[in-house]
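Here are the chains, one letter per residue:
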Amino acid sequence: MKSLLGAALLLAGLAYPFWVHAMMERAQPGWIMLPMAALWLLRTLVPGKGQPGGRIPPLLALAGCIVFALVGTKAGLRWYPVLINAIMLAVFGASLRYGPPLIERIARLQHPDLPPEGVRYTRKVTQVWVGFFLFNGLVAAALALWGPWSWWTAYTGCISYILTGLLFAGEWLVRPRFKKAACDAAGRI
């Protein structure tokens, strides 16, 4: 159930900007936000074990959706991507402060005995994600405040996902080089 909800939230998040853009003239803004609120309510009721932040991130997303629905303005609909980036920034940032970093937790699923070099690397990768969510959230906020709907839709519905994919791919390409350097350093000791 948890993975099904995760997939539904991912697909809904991808479709959200296009959904908003298509429905703006057809429905009241509060009704446009309700499907996202319903998904987050379900996600809150079915928490995942070991989920970073526990129930807090889905509760924050649900609360944000309810606020956006109650505000009931078209402009309010533009703030959902900002909310999601802020939640992700908080989850990744809190993991850096209170540890272990989120990327280290993920890495330890495959490599429970992560060496110190791996811990440092995963901390740096988590810091990069913090920077990404800060940047992405600020761009989404700027577009929510000042950008035309077409720019907001293009960025939050396409460009931000391309940037996310590029960051994933870039880290995936750098990781083998890091592993090789760590192995070379271990061999020299």
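Only a predicted model underlies this, so the values are computations on that prediction, with no experimental measurement involved.

Engineer: Describe in detail helix H1 (residues 2-23), supporting the description with residues and values.
Structural biologist: Maximum bend of H1: about 50°, positioned at Tyr-16, with proline Pro-17 one to four residues after it. Those residues of H1 that fall on the buried side of the exposure criterion are Leu-5, Leu-9, Ala-12, Gly-13, Tyr-16, Pro-17, Val-20 and Met-23.

Engineer: Just give me the short version of the packing of helix H3 (residues 56-71) against helix H5 (residues 80-98), but keep the residues and values in it.
Structural biologist: Across the interface, H3 lies against H5 with an axial gap of 10 Å and an inter-helix angle of 160°. On the basis of the axis angle, H3 is roughly antiparallel to H5. Judged by the sense of rotation from one axis to the other, the crossing of H3 with H5 is right-handed. For the pair H3 and H5, contact is made by Pro-57, Leu-60, Ala-61, Gly-64, Cys-65 and Phe-68 and by Tyr-80, Leu-83, Ile-84, Ile-87 and Val-91, respectively. In the contact of H3 with H5, the residues fall into 10 nonpolar, one polar and no charged.

Engineer: Could you give me a rundown of helix H2 (residues 29-45), with the residues and numbers involved?
Structural biologist: For H2, which comprises 17 residues, the first-to-last C-alpha distance of 25 Å matches the rise-based estimate of 24 Å (1.5 Å per residue) to within 8%. Along H2, the largest kink reaches about 30° and is centred on Pro-35. Within the span of H2, buried status applies to Pro-29, Gly-30, Ile-32, Met-33, Met-36, Ala-37, Leu-39, Trp-40, Arg-43 and Thr-44. If you follow the buried residues of H2, they end up packed against H1, H3, helix H4 (74-77) and H5.

Engineer: Give a description of a nonpolar patch on the surface that names residues and reports values.
Structural biologist: A cluster of nonpolar side chains, namely Leu-10, Leu-11, Leu-14 and Tyr-161, defines an oily patch on the protein surface of about 370 Å² accessible area. Ranked by residues supplied to the nonpolar patch, first place goes to H1 with three residues. Secondary-structure assignment places Leu-10 in helix H1.

Engineer: Lay out the packing of helix H6 (residues 102-110) against helix H7 (residues 116-146) in plain terms, naming residues and giving numbers.
Structural biologist: A pair of packed helices is characterised by two quantities: the angle between their axes and the separation of those axes. Two elements in contact, H6 and H7, have axes separated by 7 Å at closest approach and are oriented at 130°. Relative to H7, the element H6 lies oblique. Like other packed secondary-structure pairs, H6 and H7 cross with a definite hand, here right-handed. Across from Leu-102, Ile-103, Glu-104, Ala-107 and Arg-108 in H6, the residues of H7 making contact are Val-119, Thr-122, Val-125, Thr-126 and Trp-129.

Cut-offs used in this document
Residues numbered from 1 in each chain as written. Predicted model: local features only at pLDDT ≥ 70, side-chain atom pairs only at ≥ 80, totals over all residues. Heavy atoms only, no water. Bend = angle between axes of the 7 residues up to and from the residue. Helix = DSSP H or I, 4+ residues; strand = E, 2+ residues; numbered from the N terminus. Buried < 20%, exposed > 50% of the residue type's maximum accessible area, 1.4 Å probe, protein only. Axes fitted to C-alpha atoms, helices over the stretch in contact; angles between N-to-C directions. Parallel < 35°, antiparallel > 145°, perpendicular 65-115°, else oblique. Left-handed = near helix turned anticlockwise from the far one by under 90°. Contact = heavy atoms within 4.5 Å. Nonpolar A, V, L, I, M, F, W, Y, C, P; charged D, E, K, R; others polar. Expected span 1.5 Å × (residues − 1). Patch = residues over 30% accessible without salt bridge, like charges linked within 9 Å, V, L, I, M, F, W, Y side chains within 5 Å. Areas by Shrake-Rupley, 256 points an atom, 1.4 Å probe, with all protein chains shown as cover. Salt bridge = Lys/Arg side-chain N within 4 Å of Asp/Glu carboxyl O.

So, to be careful, I would describe these as geometric facts and stop short of saying anything about function.
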